Amino acid sequence: MNGVKEEKENIGEEDAEQAETHDFSKGSLVRHIIGLAVPMTVAQLINVLYSIVDRIYIGHLPHVSTQALSGIGLCLPIITIISAFANLFGMGGAPLCSIARGGHQEKRAQNVMGNSFAMMLLSGAVLMVLCLIFKRPLLYLFGASRATYIYADQYITVYLLGTLFVMISLGMNNFINSQGFGRVGMLTVLLGAVMNIVLDPIFIFVFGMGVRGAAIATVISQGASALWVFIFLTGKRALLRLDRKSMRLRVSIVREIILLGTSGFVMSVTNGTVQIVCNAVLAKQGGDLYVGIMTVINSVREITTMPLNGLTSGAQPVIGYNYGAGRYDRVKSAVKFMTAASIVFSIVIWAVIFFEPRFFLHLFTRENELITKGIPAMQIYFCGIFMMSLQFAGQSTYVALNRPKQAVFFSLFRKVIIVVPLTLLLPMAGGLGTSGVFLAEPVSNGIGGTACFVTMLLTVWPDLKQDPAGDQIVQTKQTTSSKGA
């Protein structure tokens, strides 16, 4: 009897501990955020390795490294646009799930997840077909030359065949994280990235398939990650499970998902737009060499901003859950911690890149000309990265609190209204040439980041003064006291 009693008590303690782990309105905010952010950051850093490892290996191909690296760079806008649609439904649905869970609306949360999954499959299939049909004009529009088109075509043709794998592994992993399973989310991309690291040299060098081999390795690895996500979300461990009924499209839910996900979508699409404009201007101003330099810079930017993205993404479920639960005091504390940590990290990253740009360039190439001309370009491009943390913090707060209009506006403001015009105009100003292209980024970080964060403080902060949950607790105590009297 005592043994049974002790076992029940142990089970009760385990249930309480698990409930606290997934109930973000209780316990340490910092612990919740870090608990999600660390595995999510590791996961996203590993996820970046899918394409980064490809570029590292390809950048060391003998005799053709610059042309091959530039060719891969020309594919980045298409890859970014595919990721944008995964973010549209993944980042749009996951915060709604967090808010619904905070309000104990589990059925709604499950329907949001199912509708997001269905939309990912539909949009992924359409994207794959359209991009395969129009790949040639698109690549030349993005700045391809006769020398670089061959490599771009080899890579993107194979990559597009795995579009559905990208949508599922990248988009649906948000729902694993939003349920509090940060480690499982990390394992999703760890599985694929490790496979890619192992398969890349085999397909590229052993089988002699070059750029095409890198794409094949990537698609196989993404397929494994997608299978892992699907098995988990349909299994017993998941708090919210995928089923056919939840995948039945509901117009109202799809509209909400798209509205909230438009922020992440616009950010990705505008990133792709900036990549297109930068490559086109650099191809005209400096030739294929500078397209290769921009490819390296984009790779370094992906690596260095992933921790920022992981931190702010880790904070979103915590912010959204507490907002849904009416715990505004915890919402404000979470935003403060997210912002302070982002600023500190970005300053450290800026210092490392500024003083050691050669290290990062050496990862991708051994060609002296690319390294020599890439050092000043990298120092200019990253000199304002610490201001980008304000954009990340403000943007994530808007998304977590279901304020899509503000999030979308500031995505467009920094990239489309500031970066694109500056990328076109600065090269012609004062003979800046290619340096003008790289200068557009820090200028946009300063203006866009400041505007986004300050506006968030002026519009969101005043609405978080009252704490309904706290008021309810006080009222309950007063009622109890009066009954006792």
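Because the structure is predicted, anything quoted here is derived from the model rather than measured.

1. Comments concerning the overall build of the chain
Right, on to step 1. Along the backbone of the chain there are 18 helices and 0 strands.
Right, on to step 2. Seen through its principal axes, the chain has C-alpha atoms that stretch 85 × 50 × 45 Å.
Right, on to step 3. Taking all 485 residues of the chain together, the buried fraction comes to 56%.
Right, on to step 4. Residue pairs in contact within the chain that sit at least 24 positions apart in sequence constitute 82% of those at least 6 positions apart.
Right, on to step 5. Just so you have it, the chain exposes about 20,300 Å², and 65% of that area is on carbon and sulfur atoms.
Right, on to step 6. Charged side chains in the chain number 37 positive and 25 negative. The centres of these two groups are separated by 7 Å.

2. Structural notes on helix 10 (residues 251-285)
Right, on to step 1. Taking 1.5 Å of rise per residue, 35 residues should cover 51 Å, and helix 10 covers 47 Å from first to last C-alpha, within 8% of that figure.
Right, on to step 2. Along helix 10, the sharpest change in direction is near 45° and occurs at T262.
Right, on to step 3. Of the residues one or two after helix 10, G287 is the one with positive phi, at around 85°.

3. A closer look at the environment of L422
Right, on to step 1. Along the chain, the position of L422 falls in helix 16 (residues 404-425).
Right, on to step 2. Apart from the residues within four sequence positions on either side, L422 is in contact with P427, G436, A440 and V443.

4. Digging into the packing of aromatic side chains
Right, on to step 1. One pass over the full model with this rule turns up 18 aromatic pairs.
Right, on to step 2. Ring geometry for Y140 versus Y149: centroids 5.0 Å apart, planes at 15°, classification stacked.
Right, on to step 3. Its relative accessible area of 34% is what places Y140 among the partly exposed residues.
Right, on to step 4. Judged by relative accessible area, which is 11%, Y149 ranks as buried.
Right, on to step 5. With a centroid separation of 5.1 Å and 70° between ring planes, the pair formed by Y381 and F382 is classed as edge-to-face.

5. Brief notes about a nonpolar patch on the surface
Right, on to step 1. A contiguous nonpolar patch, built from L187, L190, L191, V194, V198, I202, V206, F207 and W228 and spanning about 740 Å² of accessible area, is present on the exposed surface.
Right, on to step 2. By residue number, the principal contributor to the nonpolar patch is helix 8 (residues 182-206), which donates 7 residues.
Right, on to step 3. By relative accessible area, which is 32% here, I202 ends up partly exposed.

6. Considerations on the confidence of the model for the chain
Right, on to step 1. Of all residues in the chain, 90% have pLDDT values of 70 or greater, and the mean over the chain is 86.
Right, on to step 2. The spread of mean pLDDT over the elements of the chain runs between helix 18 (residues 468-484), the lowest at 40, and helix 4 (residues 106-141), the highest at 96.
Right, on to step 3. Taken as a whole, residues 1-20 scores under 50 in pLDDT and shows 4 contacts with residues more than four places along the chain or in a different chain.
Right, on to step 4. Per-residue pLDDT stays below 50 along residues 469-485; that stretch engages in 3 contacts with residues further than four places along the chain or on separate chains.

Thresholds applied
- Just so you know, the residues in each chain are numbered from 1, in the order the chain's sequence is written.
- Given that the model is predicted, a residue must reach a pLDDT of at least 70 before its local features are reported, and side-chain atom pairs must reach 80 or more before they are shown or counted; all residues, however, enter totals for whole chains, interfaces and linings.
- Note that water and hydrogens are dropped before the side-chain values are worked out from all heavy atoms of the structure.
- Secondary structure elements are defined from DSSP: runs of H or I of at least 4 residues count as helices, runs of E of at least 2 residues count as strands, and each element is numbered from the N terminus.
- Here the term buried applies to any residue with accessible area under 20% of the maximum for its type, exposed to any over 50%, and partly exposed to those in between, with areas from a 1.4 Å probe on protein chains only.
- Residue contacts follow a heavy-atom distance rule, with two residues in contact if any of their heavy atoms lie within 4.5 Å.
- Accessible areas in this description were obtained via Shrake-Rupley with a 1.4 Å probe; residue shielding takes into account the shown protein chains only.
- The charge count includes Lys and Arg as positive and Asp and Glu as negative, but it does not include His or the ends of the chains.
- The location of each charge is read from NZ of Lys, CZ of Arg, CG of Asp or CD of Glu.
- Helix span, expected: 1.5 Å multiplied by one less than the number of residues in the helix.
- By definition, a residue's bend is the angle between the axes fitted to the seven residues ending there and the seven starting there.
- For Phe, Tyr and Trp, where Trp contributes only its six-membered ring, two rings pair if their centres lie within 6.5 Å, and the inter-plane angle classes them as stacked under 30 degrees, edge-to-face over 60, or tilted in between.
- Two distance rules govern patches: like charges are joined within 9 Å, and nonpolar side chains (Val, Leu, Ile, Met, Phe, Trp, Tyr) within 5 Å, applied only to residues with over 30% relative accessible area and no salt bridge.
- Take a side-chain nitrogen of Lys or Arg and a carboxyl oxygen of Asp or Glu: if they are within 4 Å of each other, that pair is a salt bridge.
- pLDDT is defined as a per-residue confidence score from the predictor, taking values between 0 and 100.

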